[in-house]
Amino acid sequence: MAISVQNFIKLANFYNQTLTVMSAVCVEKGGINMDNYVGRFFVADVLEYIVEYGHRLTQMGPVPDDVARVMKIFEERFESVKDLVTPTEKPIYEMTLEEFEKLMNI
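Note that the coordinates shown come from a computational prediction; the quantities given were computed from them, not determined experimentally.

Q: Looking at this model, I keep getting lost on the packing of helix α1 (residues 5-28) against helix α2 (residues 40-60). Mind explaining?
A: Geometrically, a packed helix pair is captured by the angle between its two axes and the distance between the axes. One way to put it is that α1 packs onto α2 with a least axis distance of 10 Å and a crossing angle of 165°. Between α1 and α2, the angle is such that the two are roughly antiparallel. Where α1 crosses over α2, the two elements pack in a sense that is left-handed. Note on element contacts: α2 touches α1 through Arg40, Phe42, Val43, Val46, Leu47, Tyr49, Ile50, Tyr53, Gly54 and Leu57, opposite Val5, Asn7, Phe8, Leu11, Ala12, Phe14, Tyr15, Thr18, Leu19 and Met22. Taken together, the residues of the contact of α1 with α2 sort by class into 16 nonpolar, three polar and one charged.

What follows is the structure, given as structure tokens:
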């Protein structure tokens with residue numbers, strides 16, 4: 001995927017649509033709290049990807065002010081969920097039970 005403002009906007013729209021679906025699933029599952037939904041890990045990974053994409057986009061040159069504001073919002077959201085992202089140093093199947101439980105917040 002070529003790094004561009006248009007692709008960043010597509011990723012941002014995907015993230016927002018994913019949150020909508022996640023919310024609908026939580027309602028359908030009896031109104032569970034989104035913080036207890038297992039899909040929150042995927043959403044955190046998506047957000048991590050979008051934030052990194054935004055960083056790379058800004059390294060290529062200036063971005064429009066409205067896009068920069070959205071990037072800032074995503075960075076702030078990511079700070080609150082960064083402990084949920086999939087670790088990159090070790091795949092789940094190589095984790096000890098303790099590491100897995102910590103990852104899953106059990």
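And the narrative resumes.
Q: What is the right way to read the nonpolar core from this model?
A: Soluble globular proteins tend to bury their nonpolar side chains together. Of all hydrophobic cores here, the largest spans 22 residues; its most connected members are Phe8, Tyr15, Ile50 and Phe74. Broken down by secondary-structure element, the contributors of at least two residues to this core are α1, α2 and α3 (65-81). The biggest single contributor to this core is α2, with nine residues. Setting aside its immediate chain neighbours within four residues, Tyr15 contacts Val43, Val46, Leu47, Ile50, Phe74 and Arg77.

Q: Teacher, can you tell me more about α2 here?
A: Since the α-helix packs 3.6 residues into each turn, any two residues three or four apart lie on the same face. Its 21 residues give α2 an end-to-end C-alpha distance of 30 Å, which sits within 8% of 30 Å, the value for a rise of 1.5 Å per residue. Of all the residues in α2, the buried ones are Arg40, Phe41, Val43, Ala44, Val46, Leu47, Ile50, Val51, Tyr53, Gly54 and Leu57. Buried residues along α2 sit in contact with α1, α3 and α4 (97-104). Of the residues trailing α2, Gly61 is marked for its positive phi of about 150°.

Q: When you look at the side chain of Ser4 in this model, what are you seeing that I'm missing?
A: Mapped onto the fold, Ser4 is located in the segment before α1. You can call Ser4 buried: its relative accessible area is 19%. When residues no more than four places from it in sequence are discounted, the contact partners of Ser4 are Tyr53 and Leu57.

Cut-offs applied
Residue numbers here run from 1 along each chain, matching the order of that chain's written sequence. At least 70 in pLDDT is required for a residue's local features to be given in this predicted model, at least 80 for side-chain atom pairs to be given and counted, and no such filter applies to totals for whole chains, interfaces and linings, which use all residues. Side-chain numbers here rest on the full set of heavy atoms in the structure, without hydrogens or water. Angles shown run from 0 to 180 degrees and are taken between the N-to-C directions of axes, each axis being a line fitted to C-alpha atoms and, for helices, limited to the stretch in contact. Counting from the N terminus, the helices are DSSP H or I runs at least four residues long and the strands are E runs at least two residues long. Roughly parallel means an angle under 35 degrees; roughly antiparallel, over 145; roughly perpendicular, 65 to 115; everything else is oblique. A crossing counts as left-handed when the near helix is turned anticlockwise from the far one by less than a right angle, and as right-handed when that turn is clockwise. Contact definition: two residues touch when any of their heavy atoms are within 4.5 Å. Three categories are distinguished: nonpolar for Ala, Val, Leu, Ile, Met, Phe, Trp, Tyr, Cys and Pro, charged for Asp, Glu, Lys and Arg, and polar for the others, with Gly belonging to the last. By convention a nonpolar core is built from buried Ala, Val, Leu, Ile, Met, Phe, Trp, Tyr and Cys residues, the set being connected through side-chain atoms within 4.5 Å. Only protein chains enter the area calculation, which uses a 1.4 Å probe; residues under 20% of their type maximum are buried, those over 50% are exposed, and those in between are partly exposed. Working rule for helices: expected span equals 1.5 Å times residues minus one.

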